[in-house]
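Listed below are the residues making up each chain.
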2 protein chains.
Amino acid sequence: MTASTGSEGTALAPRGVRPRARFGTPLVGSAPRLMLLGSGEIGREVAIEAIRLGAEVIAVDRYEHAPAMQVAHRAYVIPMTDRAALRALVESEHPDVIVPEIEQIDTNELVRLESDGWTVVPNAEATRVTMDRERIRRLAAESARVPTSRFAFADTLEEARRCAADLGFPCVFKSITSSSGHGMSVVREPGALARAYQEASEGGRVPNPRIMIEEFVRFDAEVTVLTLRHWTSAGTVATTTMAPIGHARPGTLYHESWQPAEFPSPVGDELTRIAVAVTDRLGGIGMFGVECFVRGSDVLFSEVSPRPHDTGLVTLASQWNSEFALHARAVLGFPYSGPEPTSPAAAHVILSPGTGTAPTFGGAFRGLSLPGVRLFLFGKPEGFPDRRLGVAVARGSTVQEARTKAAEAAHAVESTIRFERAAP
Amino acid sequence: MTASTGSEGTALAPRGVRPRARFGTPLVGSAPRLMLLGSGEIGREVAIEAIRLGAEVIAVDRYEHAPAMQVAHRAYVIPMTDRAALRALVESEHPDVIVPEIEQIDTNELVRLESDGWTVVPNAEATRVTMDRERIRRLAAESARVPTSRFAFADTLEEARRCAADLGFPCVFKSITSSSGHGMSVVREPGALARAYQEASEGGRVPNPRIMIEEFVRFDAEVTVLTLRHWTSAGTVATTTMAPIGHARPGTLYHESWQPAEFPSPVGDELTRIAVAVTDRLGGIGMFGVECFVRGSDVLFSEVSPRPHDTGLVTLASQWNSEFALHARAVLGFPYSGPEPTSPAAAHVILSPGTGTAPTFGGAFRGLSLPGVRLFLFGKPEGFPDRRLGVAVARGSTVQEARTKAAEAAHAVESTIRFERAAP
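For the structure given in this document, a descriptive report is provided here. (Residues numbered from 1 in each chain as written. Chains lettered and ligands numbered in written order. Predicted model: local features only at pLDDT ≥ 70, side-chain atom pairs only at ≥ 80, totals over all residues. Heavy atoms only, no water.)

1. Quick word on helix α5 (residues 133–143) of chain A
All names here are of chain A. Inclusion rule: Think of it in three bands: with a 1.4 Å probe and only protein chains considered, a residue is buried below 20% of the maximum accessible area for its type, exposed above 50%, and partly exposed in between. Numbering of helices and strands runs from the N terminus, with a helix taken as a DSSP run of H or I at least four residues long and a strand as a DSSP run of E at least two residues long. The criterion used for residue contact is that any of the two residues' heavy atoms lie within 4.5 Å. Two N or O atoms count as a polar contact when they lie within 3.5 Å, although within protein this holds only if one can serve as hydrogen donor and the other as acceptor, and sequence-adjacent residues are included solely when both atoms are side-chain atoms.
For α5, the full list of buried residues reads R133, E134, I136, R137, L139 and A140. Its buried side turned inward, α5 meets α4 (124–130), β5 (151–154), β6 (171–175), β8 (211–215), α8 (265–282) and β14 (298–305). Sitting at the head of α5, D132 places a side-chain oxygen 2.9 Å from the backbone nitrogen of E134.

2. Regarding the interface of chain B and chain A
Note the cut-off: Summed over both partners, the accessible surface that disappears when two parts come together, traced with a 1.4 Å probe, is what is meant by buried area. Here, a salt bridge means any side-chain nitrogen of Lys or Arg that lies within 4 Å of a carboxyl oxygen of Asp or Glu. Under the convention adopted here, Pro, Cys and the residues Ala, Val, Leu, Ile, Met, Phe, Trp and Tyr are nonpolar, Asp, Glu, Lys and Arg are charged, and Gly plus all remaining residues are polar.
Listed as interface residues are 69 residues of chain B and, on the opposing side, 69 residues of chain A. Summed over both partners, the interface of chain B with chain A buries about 5,500 Å², with 56% contributed by carbon and sulfur atoms. Among the residues chain B hides against chain A, the three largest losses belong to R52(B), W320(B) and F365(B). Together they make up 18% of the total. Summed over the shared surface of chain B and chain A, the number is 4 salt bridges. We note a salt bridge from R52(B) to E45(A), for which the minimum N-O separation is 2.5 Å. Residue assignment for the side of chain B that touches chain A shows that the elements contributing at least two residues are α1 (41–52), α9 (315–318), α10 (323–331), β16 (356–360), α11 (364–368), β17 (373–377), β19 (388–395) and β20 (418–422) of chain B. Here the side of chain B that touches chain A takes 6 residues from α1(B), the largest share from any one element. Here the side of chain B that touches chain A is built from residues that sort into 35 nonpolar, 20 polar and 14 charged.

3. With respect to the pattern of salt bridges
Evaluation of the coordinates by the stated rule reveals 70 salt bridges over all chains. In this structure, R249(A) and E222(A) form a salt bridge, with 2.2 Å as the shortest nitrogen-oxygen distance. A residue pair is termed long-range when its members are at least 10 positions apart, and R249(A) in the loop between β11 (245–248) and β12 (256–259) and E222(A) in strand β9 (residues 221–231) qualify at 27 residues. Across the pair E41(B) and R388(B) runs a salt bridge, and its minimum N-O distance is 2.8 Å. Remark: R388(B) occurs in strand β19 and E41(B) occurs in helix α1; sequence separation between them is 347 residues. In terms of burial, E41(B) and R388(B) fall into one category: buried. Put simply, R83(A), R87(A), E91(A), E109(A), R112(A) and D116(A) are held in one network by salt bridges that share partners.

4. Section: the relation of the copies chain B and chain A
Short version of the rule: Alignment of copies: least-squares fit on C-alpha atoms of residues with pLDDT of at least 70 in both copies.
Note on the copies: chain B fits chain A at an RMSD of 0.0 Å, the axial shift is 0.0 Å, and the rotation between them is 180°. Here the transformation between the copies is reduced to the relation of a two-fold axis. Taking C-alpha positions as reference, the residue of chain B nearest the rotation axis is V71(B), located at 2.1 Å. When the interface residues of chain B are mapped onto chain A, 100% of them again lie at the interface, so the same face is used by both copies.

5. Details of the packing of helix α1 (residues 41–52) of chain A against α1(B)
Heads up, the rule is: In this analysis, axes come from line fits to C-alpha atoms, helices being fitted only over the stretch in contact, and the angle between any two N-to-C directions falls in the range 0 to 180 degrees. For classification purposes, an angle smaller than 35 degrees is called roughly parallel, one larger than 145 roughly antiparallel, one from 65 to 115 roughly perpendicular, and anything else oblique.
Here α1(A) crosses α1(B) at 180°, and the two axes come no closer than 12 Å. Taken together, the axes of α1(A) and α1(B) lie roughly antiparallel to each other. Along its contact with α1(A), which presents R44(A), E45(A), I48(A), E49(A), I51(A) and R52(A), the element α1(B) presents R44(B), E45(B), I48(B), E49(B), I51(B) and R52(B). Along the lines of polarity and charge, the residues of the contact of α1(A) with α1(B) split into 4 nonpolar, no polar and 8 charged.

6. What about helix α2 (residues 83–93) of chain B?
Residue and element names in this part refer to chain B. Applicable threshold: Directions drawn from the helix axis to the C-beta atoms are what define this arc.
Every buried residue belonging to α2 is among L86, R87, L89, V90 and E93, and all of these are buried. What you see down the axis of α2 is that its buried residues fit within an arc of 165°, all on one side. Turned more than 90 degrees away from the buried face of α2 sit A84 and S92, all of them exposed. Here the buried face of α2 lies against β1 (33–37), β2 (56–61), β3 (74–77), β4 (97–100) and α3 (107–115). Of the residues that open α2, the one with a side-chain oxygen 3.0 Å from the backbone nitrogen of A84 is D82.

7. Here's the deal with the sheet that holds strand β6 (residues 171–175) of chain B
Residues and elements named next belong to chain B. Note the cut-off: Only strands joined by at least two bridges in the DSSP assignment are considered to pair.
Read from one edge of the open sheet, 4 strands run β5-β8-β6-β7, paired in antiparallel fashion. Only two strands of the sheet have a single neighbouring strand rather than two, namely β5 (151–154) and β7 (185–187). For this sheet the average axis-to-axis angle between neighbouring strands, irrespective of direction, equals 30°. Contacting β5, β6 and β8 (211–215), helix α6 (residues 157–167) runs over the sheet at an angle of about 165° to β5. Relative to β6, helix α7 (residues 193–202) is tilted by about 30°, and along the sheet it contacts β6, β7 and β8.

8. With respect to the packing of α5(A) against α8(A)
Residues and elements named next belong to chain A. The cut-off we apply is this: Working rule for handedness: look at the near helix, and if it is turned counterclockwise from the far one by less than a right angle, call the crossing left-handed; if clockwise, right-handed.
Here α5 crosses α8 at 120°, and the two axes come no closer than 10 Å. On the basis of their axis angle, the class for α5 and α8 is oblique. The two elements α5 and α8 cross, and the hand of that crossing is right-handed. Contacts between α5 and α8 involve I136, L139, A140 and S143 on the former and, on the latter, V278, R281 and L282. For the contact of α5 with α8, the per-class residue count stands at 5 nonpolar, 1 polar and 1 charged.

9. Some words on the packing of aromatic side chains
Under the convention used in this document: Aromatic pairs are defined between Phe, Tyr and Trp rings, using the six-membered ring for Trp, whenever the two ring centres lie within 6.5 Å; interplanar angles under 30 degrees are classed as stacked, those over 60 as edge-to-face, and all others as tilted.
Counted under the stated rule, the structure contains 8 aromatic pairs over all chains. Between F23(A) and F361(B), the aromatic rings sit 5.8 Å apart at their centres with planes inclined by 35°, giving tilted as the arrangement. In this pair, F23(A) is assigned in the segment before β1 (33–37) and F361(B) in the loop between β16 and α11, connecting two distinct chains. Side by side, F23(A) and F361(B) carry an identical accessibility label, which is buried. Aromatic side chains F23(B) and F334(B) sit 5.6 Å apart centroid to centroid with 65° between the ring planes, which places their arrangement in the edge-to-face category. Of the two residues, F23(B) sits in the segment before β1 while F334(B) sits in the loop between α10 and β15 (345–351), which places them 311 residues apart along the sequence.

Taken by themselves, the reported measurements are silent on function.
Structure below.
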């Protein structure tokens, strides 16, 4: 059910990250200090696992009461796109390891912090490269030489029009500075070009006239290969891939995922090869989510997150060491001897039905009545459309059974969400 | 691998505990407030699972930086044996549910709080009965009518001498007010009586001249049956037992455990019957740890904890819903539709090698090199002999393999523990 490699030697070796020798106790001693930049639901699970491993966790985000803040030792609210604020906090808290959890961070400042001797995981350059669709695509296609969809870049609507004509319709317009679905749209005919260009150029992390245009891939499956760069018992760095995670989404944002997604072995081997090739170019230490399309017997690289991936929420059920436990273990400098068996499981998001503060939930009793289902509610103080407020995670005797139960539980909760204080 | 019953109707029904309908968000809204009385490693895992289910967690203990305090929303340091302090905190924090995690609580005040309308789990009377060896043994033997070892009670050394003569040597002296191994000793000959009497009468939670004397059971296996009283999807209360947990200890304190412990079905059925009979007499909602001896085809009830049990730390590896996740789910008023499959796993404690503050750990890298091993370090600010500072938990293809790995990892860490500040 899982695939593994022992790949070593990388373009971008870990900097400052070392196998962890003696360490102390949080709050009263010399525990490893882990600073989360971004404190959402992914960060919350990383925080829990880091605390279980003996770390002192400092949670940072741009708003109060973010999920990871609610379990961390200390929390700070700062704009992480403000380089001075970021540096000041790092210099006052002295983290042993800085763990970016989101993209809205001044990644140039992360590079400077790293060169000043602070440790950023997987490494500062990987956080900068992966949030730039042009750089990561060129790294994959030209440096790691893995197959991708056809693609082009355009700085104006006119250039975008020419690229679209070359690639053919439908094609996909994407902003440069995002790896999520924001700003993305499928362009089915020339009349939709102008609006799609506007969305892509304005919908990224920062407005940018340069956009990416990509062939529309008629895929059979969309897959995430969670890939861990980690220490071995011998103190070297190895890369281990997890069983493929399948996912499906009605729009462009993460909606449901399952593991294992089974493929004939040539496809499985190619998924592993691509995941290892790309992550070894990015280097460093920690969990990556490598997104690929499967089309017949072909596999195309799409994107990569230098951190635990949304679709990997399913590993809360499918793996004893979830992607969060593995990320915490790796970035704290501990070894791993995976891979491990996978249990059939699925995860299904619980979305905010609208805008308001202090969400209330009514369907949790019904959701938790289903055998094999667990709910993770994120405790986010505000909701807005498409914001994840929780996830239902299910085990089943088959992946399909787990998917059905997770969906039913998620919908039972989602359909009952209200706000104590609705938006004005 | 698991056993289940649908038992309903109890001597002591849940009071104030109801299936949970609509609830809000921690810190900004009407989340269920869960107050942990006792904030050790058991409480830490309960806190994590309660937060994942959307609760606001208040951790209380008699010392600062206790494990559960490090993940809770708020923490308080009070003497929980001080009834006024306990009541004042409850009245200021307004918990929806009070979750005793240890025995050093004024349980008479819990009974009064419950009668004033506060919710205590599993119920206040169960917390009072189970910490009194005489009351729980009489409840089991005389009311639930389950088999136990032969036993007697003595108020003086002279009475103890007569009881020991009746029961024969060796016999076991135990304090009345403790369910752990403190104050317990095996008396092999009359010359050891006086010291054993002193230990038992002074070694309980409070000094008490009355002690318990018990036949020495030459058992083949010592077993915990985790037993959950929980809501069903229909809103009734049911009792579900987990697969038996085997455990072994060099002394009287918890040391290692594994799950599943396999027995021929008459023994397995009897374990289930005893666990359900005793917990249904105690009633309420939540997890119980029912301890039994197996001797040939006989099963004898020994003790019961009205909360997750130390030996159940193995369920972090063996069950998708650990005993902590199930306790949180049940006491928050959510249903369960177990039982679920069990994976072969084991847990092995990491003990403090001496007395000091701010323990440091040197063998974690080696422990985590072993396949299938995870470490849980508790972040306790101080160590003293026999205090648990962590646990190694392992999965294996067999229970024996898991036991070997957990022991190896635990010893790798334990043998390297030092203190940043040693005891003077």
